[in-house]
Structures are given as structure tokens and as C-alpha cells.
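# Analysis of the macromolecular model
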Amino acid sequence: MSCEQLRDVIVEVAAGTAGEPEARALTVHLAAGCPVCAARLAEAEAIAGQLPLALPPVAPSASVRTRLMERVAADPRVVVPFAAERARPKAPRSPWIPAAVAAGIAAALAGVAVYVPLARDRDALRAEMRRLDGDLRAASDTLRVLRSPAVQVVSLGGGEPQPGARGRIFWDRARGEWRFYAAELRPPGPGRTYELWLINDRNEKIPAGTFGVDARGEGELHVSLPDSAGTIVAAAVTDEPEGGVPQPTGSIQLVGAIQPVTGG
Amino acid sequence: MAGPEGPAAQMEELALIRAIAAGDKTAFGSLYDRYAGTVMALCLRVLGDRAEAEEAVTDVFWQVWQQAGRFDLERGQPIAWLSTLARTRAIDRRRALARRRSLVVPEDDGAGSRTERLPSDADPHADAVGSEQGERVRRALSSLAPEQRRVVEMNFFGGLSHKDIAAELGEPLGTVKTRIRSGLARMKDVLSAAFEGGVAP
């Protein structure tokens with residue numbers, strides 16, 4: 001389906017009334033990386049998400065709350081770690097600049113060339129190919145983001161505790177996505193973690209997730225912020241207790257200002 | 001774009017979700033008290049039946065309890081997540097009911113027309129209580145032409161597909177789609193204008 005045909009599908013997906021085949025067509029289209037439809041879907045979902053607030057609230061019977069609280073009290077569940085925490089251990093790629101990514105792809109391809117004549121185990125070779133294919137896709141995806149004219153690059157410098165640390169954010173304005181990469185950070189101490197903050201023009205510090213670093217001192221986070229977060233003017237990383245905190249308490253490890261975009 | 005009562009309130013809500021993810025039952029109770037009325041209102045619109053709507057509300061909040069750990073910033077505000085869960089649970093429940101009912105009556109009969117007959121359809125201001133954000137959304141909805149608002153509400157509150165709405169109103173499908181799209185575009189404009197007006201010095 002074309003972007004034009006998908007406009008109504010996007011509305012129905014946001015309303016929860018789309019048919020299975022249409023919803024699948026949109027998913028496939030979005031997976032192919034169409035920024036226009038992604039932005040349209042985000043817009044429709046933003047409206048769909050707050051529309052019910054316009055309804056006069058209707059109180060459910062008190063028994064609904066009572067039964068739920070009883071059920072919750074009896075639930076011996078295992079606590080699931082917070083989403084941003086789980087997302088942490090990614091493949092240690094370092095997509096600092098397109099050149100680095102390109103070099104990585106070249107190195108990966110060179111690896112295949114050397115490996116092929118020596119390979120005895122077909123399955124291992126296939127697995128390796130699949131892995132490289134995955135790496136290549138990830139790298140292409142990153143390249144696509146970096147090439148997009150809507151991407152703004154923000155540099156972060158080390159704070160007093162770690163002057164050598166650095167960070168970079170690729171902010172895809174069209175999609176409202178923030179890709180944050182840190183380098184040369186010391187591992188956080190035991191029971192500690194790093195937490196990213198996006199600071200808006202009212203000096204409100206919005207928690208954007210926690211992350212750790214690998215052996216090379218690199219870490220990354222992908223964040224989507226709703227438009228309601230306001231105009232983000234700065235980003236900072238602090239050292240916090242594990243699990244993160246709603247407001248910063250630790251010292252600033254990385255910090256950077258975000259240049260306003262004229263007309264935006 | 002319109003926000004909640006500022007990022008401070010949003011962060012407070014995110015902290016609530018995080019606490020629920022960590023197993024905090026009091027936080028769960030707070031989130032329920034804050035949003036059960038809105039979730040119930042939405043489920044009631046879709047299902048048109050109090051008992052069924054209460055079952056859907058129970059499903060929604062049980063899912064919140066179980067999946068709060070999977071909530072992340074990508075989902076935006078907690079109310080957006082709750083709205084999605086409420087629509088999904090209520091529409092699924094209605095489909096299941098329609099399947100059972102279809103043993104005796106034709107499938108498209110029922111849910112849609114009942115939703116339309118709910119008296120509160122007439123005026124969303126009827127019981128205008130609630131947050132600043134709710135007020136902004138109500139104003140945006142009121143700014144729509146009546147024929148736009150009707151179809152937007154049928155789609156987003158009633159959980160009726162564009163096809164069902166066209167059948168219900170006896171209008172061409174294309175007309176329905178165009179009205180909903182232009183209605184949403186209008187809402188988006190009004191909401192962004194309201195938000196910008198709100199933060200201007």
C-alpha cells in the first residue's frame with residue numbers, strides 16, 4: 001500500500017479498529033523505514049492517547065477496585081526490571097560517525113573473505129553470515145538516521161568527575177527519537193548506574209533512562225520523547241543508585257547544550 | 001502538542017508506573033484512582049453495558065499490574081498506554097460477545113447502535129470535571145464540526161471501524177474517512193495552539 005492509502009489505516013490503528021491485514025501492511029511499511037508514516041502514526045496515537053480524557057469519567061463499582069487490590073495482594077510475582085535497564089546490554093557497536101560505521105562494515109566483509117576458504121562447518125558459517133547480515137542491517141539503519149536531514153547532533157562533554165568522558169546524541173526530530181551514545185565513561189560503582197536527563201526550557205529534568213557501560217566505557221540508549229516534554233535545551237548524565245531515580249541526585253558526568261533550531 | 005499538566009506531572013506519573021513495576025501496591029491503587037473513571041468511560045462507550053465494561057476495566061488494570069515493567073518512555077504518557085489497553089480489551093470483548101450473539105442475530109447488529117444511543121454522546125461537557133489536559137481535549141473536540149465530531153467519537157470512543165460507521169450512518173465510506181481525517185487534523189491544530197498559548201509568557 002502507498003503512504004496515501006495508509007493514511008486511513010494509520011487512523012484505524014490508532015483507534016484500535018484496524019483489520020488484521022491492514023494493520024500488518026502498515027507494520028511492514030513502517031519496518032521498511034518510512035519516516036512520513038511513522039510521524040503520522042505518532043501524531044494519530046498522540047491524539048488517540050489523550051482523547052478519552054475528554055469523556056466525563058464514570059466510576060466503576062467499588063467492588064472492581066476491591067477485587068483488583070485483592071488479586072494484586074495475592075500475586076507472588078517476580079519483579080520485572082524496568083524497560084530501559086533491560087535494553088542495556090546491546091552488541092558493542094560504536095556508531096560514532098558514518099565513517100566509523102562504514103569502516104566496521106568493511107572490516108566485517110573482510111572477515112568473511114578470510115573466513116570462507118577456511119570454513120569447514122557450514123552451519124557455523126551460515127550462523128556467522130546471519131550475524132553479519134544483522135550487523136549490516138543495524139549499521140544501515142544507523143546510517144539512514146545519520147543521513148536524515150531532520151537529525152540534529154548534540155555533543156556532550158565530561159563533567160568534573162570524568163573530564164575525559166564524552167557523549168553524543170542523534171536527535172531525529174521528525175520521529176521524536178533520541179539515540180544517545182557515551183564513550184570513555186568509567187563503569188558505575190557497585191549498586192550505581194548512569195541516568196540520562198533531558199532538560200527543557202523550564203529547567204525540568206526529564207528522566208530518559210538508565211544505562212551501563214561495557215569494557216570500553218561505551219553505553220547507549222534509545223529514547224522516544226512525547227512532544228509534551230517541551231523544548232529540550234540540554235542533556236546530562238548523572239551517577240545514580242541502581243534502578244534510577246525520578247529526579248537527579250548524583251554528580252554530573254556528561255553534559256551538553258542543545259542548539260535551538262530556527263523556526264522550530 | 002498538548003501535554004499533561006506539564007512535564008512535572010508526567011514525571012510523577014512515570015515514577016508511579018516505575019513503582020508499580022517494582023511491585024508497589026499503593027502506587028497501583030493511586031494509578032487506579034486517577035484513571036479508572038476515564039478507562040471505565042471509554043470501555044462503557046465501546047461495550048454499552050456496565051457489567052461488561054467493568055470486566056474490561058479489571059482486565060486493563062490487571063494488565064497494567066503485570067506489564068508495568070515493560071512500560072517505557074516510547075509509550076508516551078501513561079494515559080496513552082491505558083487508552084490503548086482499554087480500546088483493545090473492550091473491542092476484543094465486544095467481538096467475543098458479537099460472536100456469541102451471532103448465533104441468534106446477524107453479526108453487525110447490536111454494539112454499534114447501542115454505543116450511539118448513549119446519552120453522553122450528546123455533550124462531552126455534560127459532566128466537565130477533571131484535569132487541565134482533559135479540558136484542553138474537550139475544547140479541541142468541541143471545535144470540530146458536528147459531522148466531524150460524530151465520526152471521530154464513533155471511531156475513537158465507540159470503537160467502530162470506518163466501515164461500520166459508514167454502514168451505521170448510511171454515508172459513503174470515503175466521506176467517513178475524510179471527515180475523520182480532517183477532524184483529527186483540526187484537533188491536532190487546536191491542541192498545539194492551546195499548548196503554545198499555555199506556555200507563552
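All values derive from a computational prediction rather than experimental measurement.

Helix and strand counts for chain A stand at seven helices and eight strands. Summed over its atoms, the accessible surface of chain A is roughly 13,400 Å², and 59% of this surface lies on carbon and sulfur atoms.

Taken as a whole and judged by the stated rule, the model has seven aromatic pairs over all chains. Here Trp171 of chain A and Trp178 of chain A contribute two aromatic rings whose centre-to-centre distance is 4.3 Å and whose plane-to-plane angle is 10°, an arrangement assigned as stacked. Trp178 of chain A matches Trp171 of chain A in its accessibility class, with the two residues each being buried. One aromatic cluster is present, built from ring pairs that chain together Phe28, Tyr32, Phe61 and Trp65 of chain B. One residue, Arg71 of chain A, lies across the ring of Trp62 of chain B, its end atom 4.1 Å from the ring centre.

Our focus in this paragraph is the pattern of salt bridges. In this structure the tally under the stated criterion is 20 salt bridges over all chains. For Arg24 of chain A, the salt bridge is made with Glu20 of chain A, and the minimal N-O distance between the two is 3.7 Å. Within this pair, Arg24 of chain A and its partner Glu20 of chain A are both found in helix α2 (residues 20–31), separated by four residues, close to a single helical turn. Residue classification places Arg24 of chain A among the partly exposed residues on the basis of a relative accessible area of 47%. Relative accessible area serves as the criterion here: at 55%, Glu20 of chain A is assigned to the exposed category. Glu54 of chain B serves as the salt-bridge partner of Arg50 of chain B, at 3.0 Å between the closest nitrogen and oxygen. With a gap of four residues between them, Arg50 of chain B and Glu54 of chain B both fall in helix α3 (residues 50–67), about one helical turn apart. Within this structure, Glu4, Arg7 and Asp8 of chain A together with Arg181 of chain B form a network of salt bridges that share partners.

Moving on to the environment of Glu204 of chain A. All names here are of chain A. Relative to the elements of secondary structure, Glu204 occurs in the loop between β4 (192–200) and β5 (205–211). With 43 residues separating them in the primary sequence, Glu204 and Gln247 have C-alpha atoms 9.3 Å apart. For Glu204, the side chain forms a polar contact with the side chain of Asn200, separated by 2.9 Å.

Another aspect to go through is the interface of chain B and chain A. On the side of chain A, 63 residues touch chain B, which itself brings 74 residues to the contact. Inspection of the region where chain B meets chain A yields four salt bridges. Between Asp33 of chain B and Arg65 of chain A there is a salt bridge whose closest N-O contact spans 2.7 Å. Counting every contact that joins chain B to chain A gives 15 residue pairs in polar contact (both at pLDDT 80 or more).

All names here are of chain A. The sheet built from eight strands is open, its strands ordered β5-β4-β7-β8-β1-β2-β3-β6 with antiparallel pairing. Looking at strand neighbours, the two that pair on one side only are β5 and β6 (219–224), the edges of this open sheet. Ignoring strand direction, the axes of neighbouring strands in this sheet form an average angle of 20°.

Examined against the element boundaries, Pro226 of chain A turns out to sit in the loop between β6 and β7 (232–241). For the pair Pro226 of chain A and Ala42 of chain A, spaced 184 residues apart in the sequence, the C-alpha separation amounts to 9.0 Å.

Residues and elements named next belong to chain B. Its 23 residues give helix α2 (residues 25–47) an end-to-end C-alpha distance of only 29 Å, which falls more than 12% under 33 Å, the value for a rise of 1.5 Å per residue. Helix geometry: α2 is bent most strongly at Tyr35, by close to 50°. Counting buried positions along α2 yields 18 of 23 residues, so the element is predominantly enclosed. The distance from a side-chain oxygen at the start of α2 to the backbone nitrogen of Thr26 is 2.9 Å, and the residue carrying that oxygen is Asp24.

All names here are of chain A. Bridge count between strand β1 (residues 151–158) and strand β8 (residues 252–257): two bridges; the pairing is antiparallel. Residue pairing across strands places Gly157 opposite Val255, the latter belonging to β8. Sheet analysis places β7 next to β8, joined by five bridges and oriented antiparallel. Note that in β8 the partner of Ala235 across the bridge is Gly256.

Cut-offs used in this document
- Residues numbered from 1 in each chain as written.
- Chains lettered and ligands numbered in written order.
- Predicted model: local features only at pLDDT ≥ 70, side-chain atom pairs only at ≥ 80, totals over all residues.
- Heavy atoms only, no water.
- Helix = DSSP H or I, 4+ residues; strand = E, 2+ residues; numbered from the N terminus.
- Areas by Shrake-Rupley, 256 points an atom, 1.4 Å probe, with all protein chains shown as cover.
- Phe/Tyr/Trp six-rings, centres within 6.5 Å; stacked < 30°, edge-to-face > 60°.
- Buried < 20%, exposed > 50% of the residue type's maximum accessible area, 1.4 Å probe, protein only.
- Lys NZ or Arg CZ within 6 Å of the ring centre and 35° of its normal.
- Salt bridge = Lys/Arg side-chain N within 4 Å of Asp/Glu carboxyl O.
- Polar contact = N/O pair within 3.5 Å; in protein donor to acceptor, adjacent residues only side chain to side chain.
- Contact = heavy atoms within 4.5 Å.
- Pairing = 2+ DSSP bridges.
- Axes fitted to C-alpha atoms, helices over the stretch in contact; angles between N-to-C directions.
- Expected span 1.5 Å × (residues − 1).
- Bend = angle between axes of the 7 residues up to and from the residue.

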